[in-house]
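# Remarks on the overall topology
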Amino acid sequence: MCNNMAGSYMCTCNLGFTGRNCETNIDDCLLNSCDESANCNDGIASFSCICKSGYLGTGYPGHCTDVNECAIQPCQNNGTCYNIAGGFNCTCSQNFSGETCAILNSICAQANPCSNQGMCEPGCSPNAYTCRC
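All values reported here derive from a predicted model rather than from experimental measurement.

How each quantity is defined
Residues numbered from 1 in each chain as written. Predicted model: local features only at pLDDT ≥ 70, side-chain atom pairs only at ≥ 80, totals over all residues. Heavy atoms only, no water. Helix = DSSP H or I, 4+ residues; strand = E, 2+ residues; numbered from the N terminus. Buried < 20%, exposed > 50% of the residue type's maximum accessible area, 1.4 Å probe, protein only. Contact = heavy atoms within 4.5 Å. Areas by Shrake-Rupley, 256 points an atom, 1.4 Å probe, with all protein chains shown as cover. Polar contact = N/O pair within 3.5 Å; in protein donor to acceptor, adjacent residues only side chain to side chain. Phe/Tyr/Trp six-rings, centres within 6.5 Å; stacked < 30°, edge-to-face > 60°. Lys NZ or Arg CZ within 6 Å of the ring centre and 35° of its normal. Disulfide = S-S within 2.5 Å.

Before going further, it helps to spend a moment on the overall build of the protein. Counting secondary structure elements, the protein contains two helices and 14 strands. Here the C-alpha coordinates of the protein stretch approximately 95 × 35 × 15 Å along the principal axes. Per-residue burial over the protein gives 23% buried out of 133 residues. Of the contacts made within the protein by residues no fewer than 6 positions apart, 14% connect residues no fewer than 24 positions apart. Summed over all atoms, the accessible surface of the protein reaches about 9,300 Å², with 51% contributed by carbon and sulfur.

Below, the structure written as structure tokens:
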């Protein structure tokens, strides 16, 4: 609501707004805090906290808990899972790679062992292959 004054005017802003013409939404995230593992979403005269990916809870200080992703056994092919803050890491067994140890490191991927421009086709184990002429 704005009132005329001699040669000027003055506005009284609604809750959550500021500025000469009440054009600026006050960032309530600057005035309030969320858990360090959460994001703050500013509203109009309000805010909300949401835990980041890999965490569960309300998002308010002290209320985001790390999810143990290793509980669902994401590492394949006998890889070992290590839970880390907000995620997990897999240590892959020999001959496997990738985020979840799903990639077989075939001899064909490293170098073509076939002669005379033969085509290398991986077998069932890392050192098994067939050459197609």
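Anyway, onward from the coordinates.
A separate point is the environment of Thr 58. With respect to the helices and strands, the residue Thr 58 is situated in the loop between strand E7 (55–57) and strand E8 (64–66). Taking relative accessible area as the criterion, Thr 58 reaches 44% and is therefore assigned partly exposed. Among all residues touching Thr 58, those that are not within four sequence positions of it are Cys 49, Cys 51 and His 63. A polar atom in the side chain of Thr 58 sits 3.3 Å from the backbone nitrogen of Tyr 60.

For the rest of this paragraph, the subject is the packing of aromatic side chains. Applying the stated criterion across every chain, the model contains one aromatic pair. Consider the rings of Phe 47 and Tyr 60, whose centres lie 6.0 Å apart with planes at 70°: the pair is edge-to-face. Here the residue Phe 47 occupies a position in strand E6 (residues 47–51), and Tyr 60 occupies one in the loop between E7 and E8, the gap between them amounting to 13 residues. Of the residues examined, Phe 47 reaches a relative accessible area of 25% and is grouped as partly exposed. Between the NZ or CZ atom of Arg 20 and the centre of the ring of Tyr 9, over which it lies, the distance is 4.2 Å.

The topology assignment puts Cys 81 in strand E9 (residues 80–84). With relative accessibility at 22%, the residue Cys 81 sits in the partly exposed group. Taking C-alpha positions, Cys 81 is 14 Å from Phe 96, a pair spaced 15 residues apart along the chain. Residues contacting Cys 81, with those up to four places away along its chain left out, are Cys 70, Pro 74, Cys 75, Phe 88 and Asn 89.

Before going further, it helps to spend a moment on the state of the cysteines. Each disulfide consists of a covalent bond between the sulfur atoms of two cysteine residues. Applying the stated criterion across every chain, the model contains nine disulfides. Two residues, Cys 13 and Cys 22, share a disulfide whose sulfurs are 2.2 Å apart. Classification of the bridge connecting Cys 13 and Cys 22 rests on its S-S torsion, roughly -90°, and on that basis the disulfide is left-handed. Using a relative accessible area of 26% as the deciding quantity, one classes Cys 13 as partly exposed. The disulfide partner of Cys 75 is Cys 90, and the gap between their sulfur atoms is 1.9 Å. Between Cys 75 and Cys 90, the disulfide has an S-S torsion of -90° and is therefore left-handed. Of this pair, Cys 75 sits in the loop between E8 and E9 while Cys 90 is found in strand E10 (residues 87–91), placing the two residues 15 residues apart along the sequence. Taken individually, Cys 75 and Cys 90 each receive the classification buried, so the pair is uniform in this respect. In this model Cys 133 remains outside any disulfide bridge; the closest cysteine sulfur is found in Cys 131, 6.8 Å from its own. You can call Cys 133 exposed: its relative accessible area is 99%.

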